[in-house]
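Listed below, chain by chain, are the residues.
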Amino acid sequence: MSRAPEPKAIPYHVEVPVSSSEPPSAFDEHAEQYDLLVNWPRRLANEEPFYRRLFEEVGVRRVLDAACGTGHHAAMFHAWGLQVEGADISPGMIARCRARLGEPPGLKWVVRAFDQPAEAGKFDAVICVGNSLALAEDLPVVHAALGQMLAALRPGGICIAGVLNLWSLPPGTTVWQKCMRVDYQRADHILLKS
């Protein structure tokens, strides 16, 4: 009787702080695995009613997805007929966005940190979710990022920032956020996120 091969571990560990001075190569190296960490269909189905209601109330037509990762929110907004710019500090993440989704009219991908300026007053909504702000190297970078996001908004626009309380995790030992079994590159793997 033959046994199935043991799953291989894919370590997903990002410890490089996010700032405009040094792009985090860990995100470039793991852009493909990043999508394995999130059940995107379920997450977007849960979040869609919130975004639709809020965007309709404010009259959103142009959205900036700051720290867009692999572009799932940006793609959802674009599918609604909105003009969307997805920006991320990681060239690997933006390359994955372009490979998966292309760059059709109304959908633009930009390599840019969230604390670097976007076009002032251009957007009706700016989102920065997925706990991206928690990766900032310090509070001045967070303040700069929020300042740039607000500057990119038209008067009366909305900014949505999601931050889990990662700053409260104790330094030292590894904290495992996710451990899951995935099919990756036609083989069984264990995905670890710390």
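Scroll up to find the structure this text is about.
Source: prediction; values computed, not measured.

1. Overview of the packing of helix α3 (residues 40–58) against helix α4 (residues 72–79)
For the pair α3 and α4, interaxial distance at closest approach is 11 Å and the crossing angle is 50°. Relative to α4, the element α3 lies oblique. Crossing geometry of α3 relative to α4 is assigned as right-handed. Residues Trp-40, Arg-43, Leu-44, Glu-47, Glu-48, Tyr-51 and Phe-55 of α3 form the contact with α4, whose participating residues are His-72, His-73, Met-76 and Phe-77. Residues of the contact of α3 with α4, tallied by class, amount to six nonpolar, two polar and three charged.

2. Remarks on the pairing of strand β3 (residues 83–88)
Most of β3 sits out of view: five of its six residues are buried. The pairing of strand β2 (residues 62–66) with β3 spans five bridges and is parallel. Bridge assignment links Leu-64 to a residue of β3, and that residue is Glu-85. Note that the unit made of β2, α4 and β3 has a crossover that is right-handed. Relative to strand β4 (residues 107–111), β3 runs parallel, the two being bridged by five bridges. Note on β4: the bridge partner recorded for Glu-85 is Lys-108.

3. Let's talk about the nonpolar core
Ranked by size, the top nonpolar core spans 21 residues in total, and within it Tyr-51, Phe-55, Val-63 and Phe-77 carry the most contacts. If you list the elements that add at least two residues to this core, you get α3, α4, α5 (91–101), β4, β5 (123–128) and β6 (153–161). Leaving out residues up to four positions away in the same chain, Tyr-51 has contacts with His-73, Met-76, Phe-77, Trp-80, Ile-127, Val-129 and Ile-160. Counting 18 residues, the second-largest nonpolar core is a separate cluster that includes Ala-67, Ala-87, Met-149 and Ala-152.

Definitions and limits used
- Residues numbered from 1 in each chain as written.
- Predicted model: local features only at pLDDT ≥ 70, side-chain atom pairs only at ≥ 80, totals over all residues.
- Heavy atoms only, no water.
- Axes fitted to C-alpha atoms, helices over the stretch in contact; angles between N-to-C directions.
- Helix = DSSP H or I, 4+ residues; strand = E, 2+ residues; numbered from the N terminus.
- Parallel < 35°, antiparallel > 145°, perpendicular 65-115°, else oblique.
- Left-handed = near helix turned anticlockwise from the far one by under 90°.
- Contact = heavy atoms within 4.5 Å.
- Nonpolar A, V, L, I, M, F, W, Y, C, P; charged D, E, K, R; others polar.
- Buried < 20%, exposed > 50% of the residue type's maximum accessible area, 1.4 Å probe, protein only.
- Pairing = 2+ DSSP bridges.
- Right-handed = clockwise from strand over helix to strand, strands pointing away.
- Core = buried A, V, L, I, M, F, W, Y, C linked by side-chain atoms within 4.5 Å.

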